[in-house]
Amino acid sequence: MQNGKLITNAIDTSELSFNDFKSIVINDYKIACESRQASILGRREVLTGKAKFGIFGDGKEVPQIAMAKAFKNGDWRSGYYRDQTFAFATGISTLKEFFAQLYANPTAGADPFSSGRQMNSHFATKSINEDGSWNDLTQIKNSSSDISPTGGQMARLVGLAYASKLYRQNKDLEYLKNFSVNGNEVAFGTIGNASTSEGVFFESINAAGVLQIPMAISIWDDDYGISVPAKYQTTKEDISEVLKGFQRDAQSAGYEIYKVKGWDYPALCEVYEKAIQVCRDEHVPVLIHVTGLTQPQGHSSSGSHERYKSRERLQWENDHDCIKKMREWMLESAIATEEEINDIEKAAKAVVREAQKEAWNEFLEGIKPEQKQAVEYITAMAKYQPELTKIAAQLASIADAQRREVYSSARKALRLSVQFESEERNALLGWYKKQQDLNFERYSAKLHSDTMESPDMIEVVPANYDELSKMVDGREVLNACFNENFARDPRLVAFGEDLGNIGDVNQGFAGLQAKYGELRVTDTGIREMTIMGQGIGLALRGLKPIAEIQYLDYLIFALNVLSDDLASLSYRTKGIQKAPMIVRTRGHRLEGIWHSGSPISMLLGSLRGMHLCVPRNMTQAAGMYNTLFRADEPAVVIECLNGYRLKEKLPTNVGEFTVPLGKAEVLETGSDITVVSYGSTLRIVQEAAEELAAFGISVEIIDPQTLLPFDTGHLCVSSLKKTNKLLVVDEDVPGGASAYILQKVVEEQQGYFHLDAQPKTLSAKAHRPPFGSDGDYFSKPSVDDVIEVIYQMMHEANPQKFPALF
């Protein structure tokens, strides 16, 4: 027991008496039985309608207890949704918290992992305190926040383990006492056998082998992936056989690979102790293939495995259930009597049932006062409208009302009483508005970390120039920015394809690996998913990673990792974890289908929770980096591909000046039309504005600078009040980012009040640009396109002054 939690303890047979050993084994059996009962009762709660959906860890109890014995303070877990026994055995979760999450209880503290935002068995530990400061991660058992996409946990696992390597080998990080003790921490990963078919699994396995990091991956193998057996999943039907080539030997670094039956308690304890010791001491990745596992209740609460498993297989699973086999071993070894074991099993049912009742009652207790208040308000209104009595009575009659039923009733009452003004209606309306704020906090808050290190809190420092400031290539501005920041902050690390030795394909990091060493400026293999995961894991452990994707088009290969994991991290943990990682890439103008990407709408739709920075030049990019290096929220920065060799003036404070995120800028003032654009197309708009001036057309050009967030100061609508016309110029596909910008300006900023003409967009063609300069000209907005679209808009407004061009 620890702090009232039933947890496991390591077994050292050289020092334990038989009675001590017996006590540990019996305690472990209790944990296994309680976890099994939690699975059984949890499934029942779903089937009775109390919970929406459930997925459980039954059949994996014994190996997870063995794994938990090797898990120490400071270690990290990056697992999947079958790991409930491990969470119980380490003290990461209690039974009551497990059920609170099953019921999606948003009450503070009930579900400490996600505040009711994730389904059951999605665990996370508290890395961030209420004031935004870091917890002491060396003093707790850490779990990175789980995600449901199968295999998705593998990418970040690489980064969590890589952090230990950096903390051990980079002595400049020794001052970060709350994050590591000499890099001794192991990153534990878990995955189901079927999910090892995912590309991210193989990418992660290869990356860890190359990096030689303390990553311990456990594969729970029950021979199925939902209904699909291993013969359709894995070559040779055996993943450790497939991976034998990764086994290290005297000549080559690699993995230590272990294979053990999932129902063999003593063998499991021995294997985990040995494997994790090698992993921890030598920084060698290890793989533990746990075979012979079962799923007594099938895959999830949504189906029955009797539909797809034969009688023979079901009988085999019954005979080889890991708890049943542990029970047999305990009896054979005289560790416990039949009576003692029966008592443990009986007590487990009672303990779990009590925890479930407490969690359910607390969930309801959070809603009942709101239900009572809504009924009282609606009843009071019924004296003017008797038909509202039925709504109040229906709501009052629901014994276990959900919050949606409470607020749906209140909203309906407000709609039906819209023409019956009264003090009682005003009282309901006032109550409802206050509750809206509470419900936003419950269900929508913390999309971003919103701490004192938020980008919004970073001081705005203008770029300074003097008479000695020289004109340099844009890439040199970036290089100087990175150099100054790496000298200032030892937490900064950068890695990506071609980033280290040659200093990236556009020389932004030229010479910095030689100056700061390979640990801080590092080349990687071609593996976009795990480049992103490497960054997420490092950021979770207190470092400040810059993860480079060579071209924006290649970000598609890693979008799943960014969207599923990084972008949702603050939201799905309600701010108890953060990962201030910067994704550096380049895109927009260049020749060719694969190196000219502007898939901005894809990013806007996938990366809410991250900042999306679209600087028009390298000075703006440097200012954004300076802001992000000092902040604690993740971002993508897209540098303009055709801007690296354009001349810019080098600021004297190149490593210190900051560009605020979300603040738009007027590049040129005008009176006839507002043009909103970003990135490389801004130069095209500016060139077009010069020719348009000869026609007497005055163009106001606005650069939003970031798309997430977008123009928080509403500069665009301020411009529209003057010009009354709007054009959005963009290199994304038609209806892509331009539609997003229109929604922001016309709807959110209420720009439609100030329009006297149809707002228009000018975007790229629906296809990617063909190779060559002609391909660029005919597929993305050109100077001629901008001139003619603006002229046509002016023609439509005043055809006499601006006769038709064509």
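The structure this text deals with has already been given above.
Residues numbered from 1 in each chain as written. Predicted model: local features only at pLDDT ≥ 70, side-chain atom pairs only at ≥ 80, totals over all residues. Heavy atoms only, no water.

**Student:** So what's going on with the overall build of the chain? Which residues, and what values?
**Tutor:** Within the chain, the secondary structure is distributed over 26 helices and 22 strands. Over its C-alpha atoms the chain spans a radius of gyration of 30 Å, differing by no more than 12% from the 28 Å that the globule rule assigns to 806 residues. Each principal axis of the C-alpha atoms in the chain carries an extent, and together these give about 100 × 85 × 50 Å. Out of the 806 residues in the chain, the part that is buried amounts to 60%. Surface summary for the chain: the accessible area is close to 32100 Å², and the carbon and sulfur share equals 51%. Within the chain, the 107 negative side-chain charges are centred at a point lying 4 Å from the centre of the 87 positive side-chain charges. (Helix = DSSP H or I, 4+ residues; strand = E, 2+ residues; numbered from the N terminus. Rg over C-alpha atoms; globule rule 2.2 N^0.38 Å. Buried < 20%, exposed > 50% of the residue type's maximum accessible area, 1.4 Å probe, protein only. Areas by Shrake-Rupley, 256 points an atom, 1.4 Å probe, with all protein chains shown as cover. Lys, Arg positive; Asp, Glu negative; His and termini not counted. Charge placed at Lys NZ, Arg CZ, Asp CG, Glu CD.)

**Student:** Tell me about the nonpolar core, and name the residues and values.
**Tutor:** Soluble globular proteins tend to pack their nonpolar side chains together in the buried interior. Counting 118 residues, the largest nonpolar core has Met215, Met532 and Leu707 as its most contacted members. With 93 residues, the next largest nonpolar core counts Ala68, Val286, Met381 and Tyr432 among its residues. (Core = buried A, V, L, I, M, F, W, Y, C linked by side-chain atoms within 4.5 Å.)

**Student:** So what about the sheet that holds strand E13 (residues 582-587)? Which residues, and what values?
**Tutor:** The seven strands are arranged E11-E10-E12-E13-E15-E14-E20 in an open sheet whose pairing can be described as mixed. Each end of this open sheet is capped by a strand with a single partner; those strands are strand E11 (521-523) and strand E20 (706-708). The sheet shows a mean angle of 20 degrees between the axes of neighbouring strands, direction not considered. As paired strands, strand E12 (residues 544-548) and E13 are joined by three bridges and run parallel to one another. In the strand pairing of E13, Ala547 is matched with Val583. (Pairing = 2+ DSSP bridges. Axes fitted to C-alpha atoms, helices over the stretch in contact; angles between N-to-C directions.)

**Student:** Help me get a handle on the side chain of Arg43, residues and values and all.
**Tutor:** Position of Arg43 among the secondary structure elements: in helix H1 (residues 18-47). Of the polar contacts made by the side chain of Arg43, one reaches the backbone oxygen of Gln297; its length is 3.3 Å. The contact partners of Arg43, leaving out residues within four places of it in the chain, are Phe56, Gln297, Ser300, Ser301 and Gly303. (Polar contact = N/O pair within 3.5 Å; in protein donor to acceptor, adjacent residues only side chain to side chain. Contact = heavy atoms within 4.5 Å.)

**Student:** Which residues make up the layout of surface pockets, and what values go with them?
**Tutor:** Taken as a whole, the largest pocket spans an internal volume of roughly 650 Å³. In terms of lining residues, the largest pocket is bounded by 24 residues, among which Lys52, Tyr103, Ala104, Phe363 and Gln402 are the most central. Counting only elements with at least two residues in the lining of the largest pocket, the list comes to helix H4 (95-102), helix H11 (338-381), helix H13 (403-416) and helix H14 (423-443). The biggest single contributor to the lining of the largest pocket is H11, with three residues. Split by residue class, the lining of the largest pocket holds twelve nonpolar, six polar and six charged. (1 Å grid on protein atoms, 1.4 Å probe; cavity = no way out; pocket = protein on both sides within 12 Å on 5 of 7 lines; lining within 4 Å. Points joined across faces, edges and corners; volume = space filled by probe spheres on them. Nonpolar A, V, L, I, M, F, W, Y, C, P; charged D, E, K, R; others polar.)

**Student:** Please provide a residue-by-residue account of the pairing of strand E18 (residues 673-676), values included.
**Tutor:** What you see with E18 is no split at all: Ile673 and Val675 on one side and Thr674 and Val676 on the other are buried throughout. In this structure, E18 lies alongside strand E19 (residues 699-703), joined through four bridges in parallel fashion. If you follow Val676 over to E19, its bridge partner there is Ile702. On the question of chirality, the crossover connecting E18 to the parallel E19 by way of helix H22 (residues 681-694) is right-handed. Bridge analysis of E18 against strand E21 (residues 726-729) gives three bridges, and the strand direction is parallel. Its bridge partner lying in E21, Val676 is registered against Val728. (Right-handed = clockwise from strand over helix to strand, strands pointing away.)

**Student:** Give a detailed account of the sheet that holds strand E3 (residues 187-192), specifying residues and quantitative values.
**Tutor:** Strand order in this open sheet of six strands is E2-E1-E3-E4-E8-E7, and the pairing throughout is parallel. At either end of the open sheet lies a strand with only one pairing partner, and these are strand E2 (142-143) and strand E7 (256-261). As defined by bridge partners, strand E1 (residues 76-78) adjoins E2 across two bridges and the pair is classed as parallel. When the sheet's bridge partners are listed, Arg77 is paired in E2 with Ser143. Sheet strands touched by helix H5 (residues 153-169): E1, E3 and strand E4 (215-220). Its angle to E3, the strand with the most contacts, is close to 165 degrees. Packed onto the sheet, helix H8 (residues 265-282) meets E3, E4, E7 and strand E8 (286-291) and runs at close to 165 degrees relative to E7.

**Student:** A description of the pattern of salt bridges should follow, citing residues and the corresponding values.
**Tutor:** In total, this model carries 52 salt bridges according to the counting rule given. Residues Lys171 and Glu174 are paired through a salt bridge, measuring 3.9 Å at the closest nitrogen-oxygen approach. A salt bridge links Glu328 to Lys325; the shortest N-O distance between them is 3.9 Å. Placement of both Glu328 and Lys325 in helix H10 (residues 322-332) is noted, with a separation of three residues, approximately one turn of the helix. It is possible to trace a salt-bridge network through shared partners that takes in Asp504, Glu548, Arg584, Arg586 and Glu639. (Salt bridge = Lys/Arg side-chain N within 4 Å of Asp/Glu carboxyl O.)

**Student:** Now, about a positive patch on the surface: what can you tell me, with residues and values included?
**Tutor:** A cluster of basic residues, Arg44, Lys349, Arg353 and Lys357, forms a positive patch on the protein surface. Ranked by residue count, the leading element in the positive patch is H11, at three residues. Looking at where Arg353 falls in the secondary structure, it is placed in helix H11. Among the residues examined, Arg353 registers a relative accessible area of 36% and is labelled partly exposed. (Patch = residues over 30% accessible without salt bridge, like charges linked within 9 Å, V, L, I, M, F, W, Y side chains within 5 Å.)

**Student:** Could you give me a rundown of a negative patch on the surface, with the residues and numbers involved?
**Tutor:** Where like charges cluster on the molecular surface, the negative patch consists of Glu687, Glu690, Glu691, Asp784 and Glu788. Among the secondary structure elements, those contributing two or more residues to the negative patch are H22 and helix H26 (783-797). In terms of residue count, the dominant contributor to the negative patch is H22 (three residues). Tracing the sequence through the fold places Glu788 in helix H26.

**Student:** Could you give an account of unusual backbone geometry, naming the residues involved and the relevant values?
**Tutor:** Keep in mind that most residues, glycine aside, have a negative phi and that most peptide bonds are trans. Residue Pro709 is reached from Leu708 by a cis peptide bond, and omega for that bond is 0 degrees. Within the element layout of this structure, Pro709 appears in the loop between E20 and helix H23 (715-723). The residue Ala334 is not glycine, and still its phi comes out positive at about 60 degrees. Relative to the assigned elements, Ala334 resides in the loop between H10 and H11. By relative accessible area, which is 53% here, Ala334 ends up exposed. Here His588, not a glycine, exhibits a phi torsion of approximately 70 degrees, which is positive. Following the sequence through the fold, His588 ends up in the loop between E13 and helix H20 (600-606).

**Student:** Describe the packing of aromatic side chains, with residues and values.
**Tutor:** Summed over the entire model, instances satisfying the criterion amount to 30 aromatic pairs. Here Trp134 and Phe179 contribute two aromatic rings whose centre-to-centre distance is 5.2 Å and whose plane-to-plane angle is 75 degrees, an arrangement assigned as edge-to-face. Of this pair, Trp134 sits in the loop between H4 and E2 while Phe179 is found in the loop between H5 and E3, placing the two residues 45 residues apart along the sequence. When the centroid spacing of 5.4 Å and the interplanar angle of 45 degrees are considered together, the rings of Tyr265 and Trp329 count as tilted. Of this pair, Tyr265 sits in helix H8 while Trp329 sits in helix H10, placing them 64 residues apart in sequence. (Phe/Tyr/Trp six-rings, centres within 6.5 Å; stacked < 30°, edge-to-face > 60°.)

**Student:** Tell me about the environment of His122, and name the residues and values.
**Tutor:** Of note, His122 is situated in the loop between H4 and E2. Sequence separation of His122 and Ser143 is 21 residues, and the distance between their C-alpha atoms is 9.7 Å. In contact with His122, other than residues within four places in its own chain, are Tyr81, Gln101, Phe113, Asp146, Ile147 and Ser148. Looking at His122, its side chain comes within polar contact range of the main-chain oxygen of Met119, at 3.2 Å. Looking at His122, its side chain comes within polar contact range of the side chain of Ser148, at 2.7 Å.

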